[in-house]
Amino acid sequence: MAFKLFNFEKGKIQKGQHEQVFNTENMLPISEVRGDTLVLKDGGIRAIIKVTGLNLDLKNADEQDVVIQQYKRFLNGLDFPIQILVRSTYLDLTHYLNYMNDHVKNIDNDVLREHGQKYVSFLDDINLAQGLIYVKEFYIIVPFYAEGGEDEPSIKKGWWKKFLDVLESKDSAEKIVQRYRSFVKNRKFLDTRCALIADGLKSFGVDTERLELSDIVALIFKFYNPTMHNDQAEAK
C-alpha cells in the first residue's frame, strides 16, 4: 500500500513558474510513503523507528554504567549513518479521556461516579490548555541512499546541491519508474539496517517500533502543522 504525498499528473501541475518552484510540495524532499518506507525524490529511502525512553535516574550507578557502555558499543558497531530525533510535544489526553468517560458513566455508586466525573473534568481542562504537560518522543531515521547504497558521497554533498535537488520539480515518467525500481531493489537493505538497530537497542532494554504508513504521514503532518490537534493530523 502506498500513500502519494504529491500528485505529479501532467494536467494537475500547470502553474506559473514562480508558484511551481516555491510551493510547499516542491520544497519537501519526499515523493511518497510506501508502507513503512519513505521514498525521496532523489531515489533514496528512509525508515523511521520510534524508540522508548530509558530513565537512568531509576537505576543505580553500576546499572547506569552498563547501559552507557552498551549504548557506546551499539553506536560504534553501526557501519551506516543514522539520525537521532528528539521531539518535544504536549501530552494528548483525548483517547484517555474517552476511555474514562465510557467507564465513569457506568459506575453504579453515585459518590464514586461524581468523583470520577470531577477527575475527568480536571483532565479535560488540562488537555484543552495544550502545553501544561510535555513529553519527549524519540525517533531514529534510518537512511539508504540511492547512489548504489554508498552513504559517504551523499552525506558529503554540499547543502546548496541538496537544496537545488529539492527544488528540481520535473518528475518525468522515467524518474518515477527508476525510483520504483530503486525502492524494490534497496528496501531489503533498509530492512536489514532496521533489524540491526532494533536488536542493538533491545540488548540494553530499549524497545523500538518501526512506523507504518499512517503513523509516518501523521508525524510529517504534525511537523509542518504544529498547532493542529493530533486527531486532525491522523484524519489527514
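Scroll up to find the structure this text is about.
Note that the coordinates shown come from a computational prediction; the quantities given were computed from them, not determined experimentally. (Residues numbered from 1 in each chain as written. Predicted model: local features only at pLDDT ≥ 70, side-chain atom pairs only at ≥ 80, totals over all residues. Heavy atoms only, no water.)

Caption draft 1: How the structure looks around the pairing of strand β2 (residues 30-34). Most of β2 sits inside the fold, with four of its five residues counted as buried. Where β2 lies against strand β3 (residues 37-40), four bridges are found, and the strand directions are antiparallel. Bridge pairing links I30 to L40 in β3. Here β2 folds back onto β3 in antiparallel fashion, the turn holding two residues, of which G35 has a positive phi close to 65°. (Buried < 20%, exposed > 50% of the residue type's maximum accessible area, 1.4 Å probe, protein only. Helix = DSSP H or I, 4+ residues; strand = E, 2+ residues; numbered from the N terminus. Pairing = 2+ DSSP bridges.)

Caption draft 2: Layout of the environment of Y180. In this structure, Y180 sits in helix α8 (residues 173-202). Separated by 137 residues in the primary sequence, Y180 and G43 have C-alpha atoms spaced 8.1 Å apart.

Caption draft 3: Structural view of the nonpolar core. One finds I49, I140, V142, I197 and L201 to be the most contacted residues of the largest nonpolar core, which totals 19 residues. In terms of residues, this core owes the most to one element, α8, which gives five residues. Discounting residues that sit within four places of it in the chain, I49 has contacts with F138, Y139, I140, V142, C194, I197, T208, E209 and R210. One finds L40, Y139, L211 and L213 within the second-largest nonpolar core, a separate group that totals 13 residues. (Core = buried A, V, L, I, M, F, W, Y, C linked by side-chain atoms within 4.5 Å. Contact = heavy atoms within 4.5 Å.)

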